[in-house]
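# Residue-level structure breakdown
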There are 2 protein chains.
Amino acid sequence: MNNFTYSIPTKIYFGKGQISHLTELASYGSKVLLVYGGGSIKKQGIYDETLKLLSGSGMTVFECSGVEPNPKIETVRRGAEICKSEQVEMVLAVGGGSVIDCAKVIAAAARYDGDAWDLVIHPERIQAALPIFSVLTLSATGSEMDKFAVISDMSRHEKWGTASEHMKPTMSVLDPTYTFSVSRRQTAAGTADIMSHIFETYFTNVENADVQARFCEGLLKTCIKYAPVALEQPDNYDARANLMWASSMAINGLLSGGAEVAWCVHPMEHELSAFYDITHGDGLAILTPHWMDFVLSEKTAGKFAEYGVNVWGLDADADAMDIAKQAIALTRDFFGRMGLPATLRDVGIDETHFDIMAQKASAACANTYVPLSKQDVLAIFKAAL
Amino acid sequence: MNNFTYSIPTKIYFGKGQISHLTELASYGSKVLLVYGGGSIKKQGIYDETLKLLSGSGMTVFECSGVEPNPKIETVRRGAEICKSEQVEMVLAVGGGSVIDCAKVIAAAARYDGDAWDLVIHPERIQAALPIFSVLTLSATGSEMDKFAVISDMSRHEKWGTASEHMKPTMSVLDPTYTFSVSRRQTAAGTADIMSHIFETYFTNVENADVQARFCEGLLKTCIKYAPVALEQPDNYDARANLMWASSMAINGLLSGGAEVAWCVHPMEHELSAFYDITHGDGLAILTPHWMDFVLSEKTAGKFAEYGVNVWGLDADADAMDIAKQAIALTRDFFGRMGLPATLRDVGIDETHFDIMAQKASAACANTYVPLSKQDVLAIFKAAL
């Protein structure tokens, strides 16, 4: 196990009706920027409930709406501008990971003198941020409890993750009933995202970080059990609750602390969605099994076998390579049963930009579980066609 | 899954050499009360290192030493008196759970006008506390990351747990090398304590709190794997690291949030050590298998079978009651292999005080996994003779 610092300061109010705790925002000031996406929170009544609670607490609400599924830097700039001109004291995101990511960088940009894009490509320039709060409506990115945000500049085909301790939310409301209306497609893609976050940490070269590995396996089993339930019964509370809590736990630092490894499937996927604006979880579901195929070797078979035994319940007495292959097949099959796309062509991607995408992705893949060169990434992209 | 609030604000510096972060205490003031037990931290050099770091940061150090294995209210009063008379601004515990528990109630009593015992029997009177820091030297109670403290008044045969959000440590240093010198007996007893904390949460009537249940199982597997390693190789870093991190995770609220249940083995054990001053982990190791035997029924067999399959790797296709009985036998056997006592007579306890102990313990056992009457507790005590 490596040395690590554990710091997860976000307070979580989890469960039905917990939105009532938004009244606590009044202890942080009186001016709040409400950040949200399209109209779904209005249809669900969450928007009205939020405004009622905030104005009932004597707060003035400014709005930054229309946050995109892959949030754009222009939206961040717009939000930060409101914060600066109106002396806003905190930011409240109501939505999924994209909305929360956008709100985080708005909160940081509100306390930064230069252009917001600086903070995306130079995370170390984030030296402060307004307090960040969230009400989560989609189980996927884990942004509600972590330090990360992913922002795109489509004009340059750039999509980058940034991170800062200052961007960890102060408090998040996780009400599983808010995800009852999430579509089958989004539920499946969100689950692929959660599982990818876990895989990216689970497949590490750090040895004997057992607490972390067993936690990873527990969350994977939970996703595998409950995602199909949520697809069939969208209003199954416990299915939604377990997926929601798994989404937060997957990436808040609990799994990675002491077992650090650089991620590789995410950087590859970020190139897909930077060039094609596809759904992040779809891209992850396509790439993950191919990445597993590619990195499976005599050296890694033991770890994949451990995954097969502890997550899929495969027979521990079988040959490690056989268990490993079966585990990868089960992973591929699981994404398929969830209705997720299996090939890049399924989401309209061909070889056109492979070269540049592979070059950019491989820059992040030098210290991954199995280091990947540009040629390796290209091979994975081609296998996924 | 139940509604819950998650709040684990303690920052953890985990790993070799992390004690260097004690210099950060200077940002909380300049006067610190150092709380510790006997001389073991002096033998190990932790005491000298602590003083060097604190005085090097310009801090004035007051001392409250001699904290007992079951910390006594008199020691709490003594520490609180120093804090009040010297205007101490924070409390630093260096030691195991007893030392940290004592430091927590000192920190609360320093901000309370009445007698410290009030705070033990009326936790709601804890309305503030000095900032609490810890350097952990024993993996067991989890006090380094939780809100609990257990204090005894031997003059009245009273041992009570108290709790407060104000008593959650601000920062704890977890250096596994500090536990290399922990004896076989204390390592075994500490592991029994960790495992009991997990069992007390795992056996809940809340259904479908899967994230929590899988985390419990992962920690139990980690303890079962590494405790025997630590007994054989006291300086095995990864064994000590996994046990240490499991000790914190077992009781910091991560496992219990959403799966709440009242504890029952701990209240029973507290009576044993209130009357006989035995090692807490010994008492838990004796009682736990007998408690399991007692509550096993057609109704609970499924849960015990789940434990057997997911923790001990038993065959899921067997009869639930058979798996359950095998899982309990394996638990008993594990404690035995660790050299822990198996009967109350082994630790010098006879029937003399059973009646009063059962009466007092049963007061806490009304809302446990299987509610226990005074007669039930008596039956468990007698079975454990």
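Residues numbered from 1 in each chain as written. Chains lettered and ligands numbered in written order. Predicted model: local features only at pLDDT ≥ 70, side-chain atom pairs only at ≥ 80, totals over all residues. Heavy atoms only, no water.

Chain A carries the name Iron-containing alcohol dehydrogenase in an unreviewed UniProt entry, which gives Feifania hominis as its organism.

With that out of the way, let us pick up empty space enclosed by the protein. Applying the stated rule across the entire model yields 6 cavities of 30 Å³ or more. Taken together, Arg214(A), Glu217(A), Gly218(A), Lys221(A), Asn310(A), Arg214(B), Glu217(B), Gly218(B), Lys221(B) and Asn310(B) make up the lining of the largest cavity. Breaking the lining of the largest cavity down by element, the ones donating at least two residues are helix H7 (210-232) of chain A together with helix H7 (210-232) of chain B. (1 Å grid on protein atoms, 1.4 Å probe; cavity = no way out; pocket = protein on both sides within 12 Å on 5 of 7 lines; lining within 4 Å. Points joined across faces, edges and corners; volume = space filled by probe spheres on them. Helix = DSSP H or I, 4+ residues; strand = E, 2+ residues; numbered from the N terminus.)

All names here are of chain A. Most of strand E6 (residues 148-153) sits inside the fold, with 5 of its 6 residues counted as buried. Looking at chain direction, E6 and strand E7 (residues 158-163) are connected through 6 bridges and run antiparallel. Bridging from a neighbouring strand, Ala 149 pairs with Thr 162 of E7. Linking E6 to E7, which pair antiparallel, is a turn of 4 residues; within it His 157 sits at a positive phi near 55°. (Buried < 20%, exposed > 50% of the residue type's maximum accessible area, 1.4 Å probe, protein only. Pairing = 2+ DSSP bridges.)

Looking now at the packing of aromatic side chains. Considering all chains together, one arrives at 37 aromatic pairs over all chains under this definition. Each ring, one from Phe199(A) and one from Phe203(A), has its centre 6.2 Å from the other, and the planes form 40°; the classification is tilted. Of the two residues examined, Phe199(A) and Phe203(A), each falls in the buried class. Look at Phe215(A) and Phe215(B): their rings are 4.2 Å apart centre to centre, the planes differ by 25°, and that puts the pair in the stacked class. Within this pair, whereas Phe215(A) is found in helix H7, its partner Phe215(B) is found in helix H7, the two belonging to separate chains. According to the relative accessible area criterion, Phe215(A) is buried, its value standing at 1%. (Phe/Tyr/Trp six-rings, centres within 6.5 Å; stacked < 30°, edge-to-face > 60°.)

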